[in-house]
Amino acid sequence: MLDIKIPRATAKRLPMYYRYLSGLHDAKIKRISSSTFAEAVQVDSATIRRDLSYFGALGKRGYGYEVDNLLDFFKKILNQDHLTNVALVGLGNLGQALLHFNFHKDSNVRISAAFDIHDDMINTVQSGVPVYDVKDLQEQLRDQQIEVVIFTVPATVVQDLCDEAVKGGAKGIMNFTSKRLSVPKNVRVQNVDLTNELQTLIYFIEHYEGE
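Values in this document were obtained by computation on a predicted structure and should not be read as measured data.

Rules used in this analysis
Counting restarts for each chain, with residues numbered from 1 along the sequence as it is written. Predicted model: local features are reported for residues with pLDDT of at least 70 only, side-chain atom pairs are reported and counted for 80 or more only, and whole-chain, interface and lining totals are derived from all residues. As a rule here, side-chain values come from all non-hydrogen atoms in the structure, and water together with hydrogens is ignored. Patch definition: residues with relative accessible area over 30% and no salt bridge; like charges joined within 9 Å; nonpolar side chains (Val, Leu, Ile, Met, Phe, Trp, Tyr) joined within 5 Å. Surface accessibility in these figures is a Shrake-Rupley result with a 1.4 Å probe; residues are shielded only by whichever protein chains are displayed. The salt bridge criterion pairs a side-chain nitrogen of Lys or Arg with a carboxyl oxygen of Asp or Glu, the two atoms within 4 Å. For the purposes of this entry, the term helix denotes a DSSP run of H or I that reaches at least four residues, the term strand denotes a run of E that reaches at least two, and both are numbered from the N terminus. UniProt positions are given in the numbering used here, feature names are shortened, and annotations may be inferred rather than shown by experiment. Here's how the labels work: a residue is buried when its accessible area is under 20% of the maximum for its type, exposed when over 50%, partly exposed in between, all with a 1.4 Å probe on protein chains only. Here, residues are in contact when the closest pair of their heavy atoms is within 4.5 Å. Any N or O atom pair separated by 3.5 Å or less is treated as a polar contact, with the protein-specific requirement of one donor-capable and one acceptor-capable atom, and with residues adjacent in sequence counted only for side-chain atom pairs. In a helix, the anticipated span is given by 1.5 Å times the number of residues less one. Think of a nonpolar core as a cluster: buried Ala, Val, Leu, Ile, Met, Phe, Trp, Tyr and Cys residues, connected wherever their side-chain atoms sit within 4.5 Å. Angles run from 0 to 180 degrees between N-to-C directions of axes, and those axes are lines fitted to C-alpha atoms, restricted for helices to the stretch in contact. Roughly parallel here means an angle under 35 degrees, roughly antiparallel means over 145, roughly perpendicular means 65 to 115, and every remaining angle is called oblique. Throughout this entry, Asp, Glu, Lys and Arg are counted as charged residues, while Ala, Val, Leu, Ile, Met, Phe, Trp, Tyr, Cys and Pro are counted as nonpolar. The remaining residues, Gly among them, count as polar.

## Describing a nonpolar patch on the surface
So, step 1. The grouping of Leu198, Leu201, Ile202 and Ile205 at the surface amounts to a nonpolar patch, some 370 Å² of accessible area in total.
So, step 2. With respect to the element layout, leucine 201 can be found in helix α8 (residues 194-207).

## Overview of the UniProt feature "binding site: NAD(+)" (unreviewed entry) in the protein chain
So, step 1. Within this structure's numbering, the places UniProt gives as "binding site: NAD(+)" (unreviewed entry) are Gly90, Leu91, Gly92, Asn93, Leu94 and Gly95.
So, step 2. When its relative accessible area of 36% is taken as the criterion, glycine 92 is described as partly exposed.
So, step 3. Take leucine 94: it is sitting in helix α5 (residues 93-101).
So, step 4. Residues contacting leucine 94, with those up to four places away along its chain left out, are Thr152, Phe176 and Leu194.

## A closer look at the side chain of asparagine 175
So, step 1. Secondary-structure assignment places asparagine 175 in strand β8 (residues 172-175).
So, step 2. Residue class for asparagine 175 comes out buried when judged on its relative accessible area of 0%.
So, step 3. Of note is the side chain of asparagine 175, whose polar atom sits 2.7 Å from the backbone oxygen of lysine 179.
So, step 4. Not counting residues within four places of it along the chain, the set of residues in contact with asparagine 175 comprises Phe151, Val158, Arg180, Leu181, Val189, Gln190, Asn191 and Val192.

## Focus on helix α1 (residues 8-26)
So, step 1. A rise of 1.5 Å per residue sets the reference length of α1, with its 19 residues, at 27 Å; its end C-alpha atoms lie 29 Å apart and thus fit the reference within 8%.
So, step 2. Along α1, the residues classified as buried are Thr10, Leu14, Tyr17, Tyr18, Leu21, Ser22 and Leu24.
So, step 3. Next to the buried residues of α1 lie β1 (31-32), α2 (34-41), α3 (45-53) and α4 (67-77).

## A look at the nonpolar core
So, step 1. Counting residues in each nonpolar core, the largest one holds 22 residues, and the members touching the most others are Leu14, Tyr17, Leu21, Phe37, Ile48 and Phe74.
So, step 2. Considering every element that reaches this core, the biggest residue donor is α4, with six residues.
So, step 3. Apart from residues lying up to four places away in sequence, leucine 21 is in contact with Phe37, Val67, Leu70, Leu71 and Phe74.
So, step 4. The next biggest cluster of nonpolar side chains, apart from the first, holds 19 residues, and it includes Ala113, Leu137, Val158 and Leu181.

## What to know about the packing of α2 against α3
So, step 1. Running from N to C, α2 and α3 cross one another at 105°; their axes reach a closest spacing of 8 Å. When the axes of α2 and α3 are compared, the pair comes out roughly perpendicular. Along the contact surface, α2 presents Ser34, Ser35, Phe37, Ala38 and Val41, while α3 presents Ser45, Ile48 and Arg49.
So, step 2. Taken together, the residues of the contact of α2 with α3 sort by class into four nonpolar, three polar and one charged.

Structure (C-alpha cells):
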C-alpha cells in the first residue's frame, strides 16, 4: 500500500471497493456515481467520499468516478498489480476448502505452498499446490520469500507454528483459530473466528430484526 496513513475502518473497506470496481470493469461500465456506488456496496455515499478523499481528488463533483482510473489506483494501493504468494498451514476441511478456492477468481493472491503433518499429504500436490512437511515451514517461507501465512490448524499448536513462520520472514498472519497470537510489532495478524462471526449474525437477526 502507498505510504498514506488512513483509519483502520477505511482500510477494511478498500478491498470491498476494489472487488466492486472490478465487476464494473468486467461489465464495461465506464463511470459510477457515489450514490450508485453506495447502494451497491451498502456503505453510505458520505463514507465512500470520505474514504476516497484520503487519497486525493479521485472523482469530480456532479460527475462521479471513472471506473478504470479508480480501479488502477486501487490495484496499486492494494498491491493488486502483482501476484502475492501465500502459504497455507493445515489441510483439514477448512484448509482444503481454501486450497481449492485459492483466491484466483477474486484477486492477485495465490496459495503457492501448503504445509501439513500427515504423511499421506506431505510431498504431494493438492489443487495444483505443493504440500510440504510443517517442520520445513521456516525454511520454505524463507526460500520462497513468502510473507503471508494462513493458519487453519488446532489452537493448541498455532502459536508455535506462528513463531516458526515469523522466523521464516512472515509479515502477515491470517489466523482461523480462536487463539489470539503473540507476534512482534512488525507483524500484522488478522483473526477470523467463523463461530464468533456466525453467532454475531444470529444475535443481530434475533434482536434487531427490521431495524
